[in-house]
Amino acid sequence: MPVEKSLRICEKGHKYYKSSDCQSCPTCDKESKPDSGFLSKLSSPARNALVHEGIDTLQKLSKYTEKEILKIHGIGPASLPTLRTSLEEEGLSFKE
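Let me begin by describing the structure that accompanies this report. (Residues numbered from 1 in each chain as written. Predicted model: local features only at pLDDT ≥ 70, side-chain atom pairs only at ≥ 80, totals over all residues. Heavy atoms only, no water.)

### A closer look at the overall build of the protein
And step 1. For the protein, the helix and strand inventory stands at five helices and two strands.
And step 2. Going residue by residue from the N terminus, the α and β elements of the protein occur as β-β-α-α-α-α-α.
And step 3. Judged by the C-alpha coordinates and their principal axes, the protein covers about 45 × 30 × 20 Å.
And step 4. For the protein, the proportion of its 96 residues judged to be buried stands at 32%.
And step 5. Of the contacts formed within the protein by residues at least 6 apart in sequence, a portion of 32% connects residues at least 24 apart.
And step 6. Entry remark: accessible area of the protein is about 6800 Å², with carbon and sulfur atoms responsible for 51%.
And step 7. For the protein, the distance from the average site of its 15 positive side-chain charges to the average site of its 14 negative ones is 4 Å. (Helix = DSSP H or I, 4+ residues; strand = E, 2+ residues; numbered from the N terminus. Buried < 20%, exposed > 50% of the residue type's maximum accessible area, 1.4 Å probe, protein only. Contact = heavy atoms within 4.5 Å. Areas by Shrake-Rupley, 256 points an atom, 1.4 Å probe, with all protein chains shown as cover. Lys, Arg positive; Asp, Glu negative; His and termini not counted. Charge placed at Lys NZ, Arg CZ, Asp CG, Glu CD.)

### A short note on the pattern of salt bridges
And step 1. Throughout the structure, instances matching the rule amount to four salt bridges.
And step 2. The partner of Glu31 in a salt bridge is Lys12, with the nearest N and O atoms 3.9 Å apart. Within this pair, whereas Glu31 is found in helix α1 (residues 26-32), its partner Lys12 is found in the loop between β1 (6-9) and β2 (15-18), the two being separated by 19 residues in sequence.
And step 3. Between Lys41 and Glu89 there is a salt bridge, with the nearest N and O atoms lying 3.6 Å from each other. Of this pair, Lys41 sits in the loop between α1 and α2 (44-52) while Glu89 is found in helix α5 (residues 80-89), placing the two residues 48 residues apart along the sequence.
And step 4. Given a relative accessible area of 56%, Glu89 falls into the exposed group. (Salt bridge = Lys/Arg side-chain N within 4 Å of Asp/Glu carboxyl O.)

### Looking at a nonpolar patch on the surface
And step 1. A cluster of nonpolar side chains, namely Leu7, Ile9 and Tyr17, defines an oily patch on the protein surface of about 340 Å² accessible area.
And step 2. With respect to the secondary-structure elements, Ile9 resides in strand β1. (Patch = residues over 30% accessible without salt bridge, like charges linked within 9 Å, V, L, I, M, F, W, Y side chains within 5 Å.)

### Structural notes on the nonpolar core
And step 1. Judged by nonpolar contacts, the single largest core of 16 residues is most densely connected at Phe38, Leu50, Leu61, Ile69 and Leu83.
And step 2. Where this core is concerned, the elements lending two or more residues are α2, α3 (58-61) and α5. (Core = buried A, V, L, I, M, F, W, Y, C linked by side-chain atoms within 4.5 Å.)

### Considering α5
And step 1. If you check which residues of α5 are buried, you get Leu80, Leu83, Ser86 and Leu87. Within α5, the buried residues cover an arc of 130 degrees as seen down the axis, which keeps them to one side. Away from the buried face of α5 by more than 90 degrees, exposed residues Glu88 and Glu89 are located.
And step 2. On its buried side, α5 packs onto α2, α3 and α4 (66-70). (Arc of directions from axis to C-beta.)

Keep in mind these numbers describe shape, not what the thing actually does.
What follows is the structure, encoded as structure tokens:
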């Protein structure tokens, strides 16, 4: 059974179709993607989830366990290797 997509318009006026209840606009997500830093290495849902939780630096990220990060809606197991590597490059790690 095909999933029905609905037309949406973000607050900036971009038109896009989504089949889920996710409100993120793909055009806005591309425009707001950082050019560098650990957030630039993540998928849009993972990046948005961390920013929504106020986790926008590696220092803030290091205050969480991997298990706590995985509980955040939008973060999946595929994001963990990227996050681990970014932390390690700065001499940091997830909280034990």
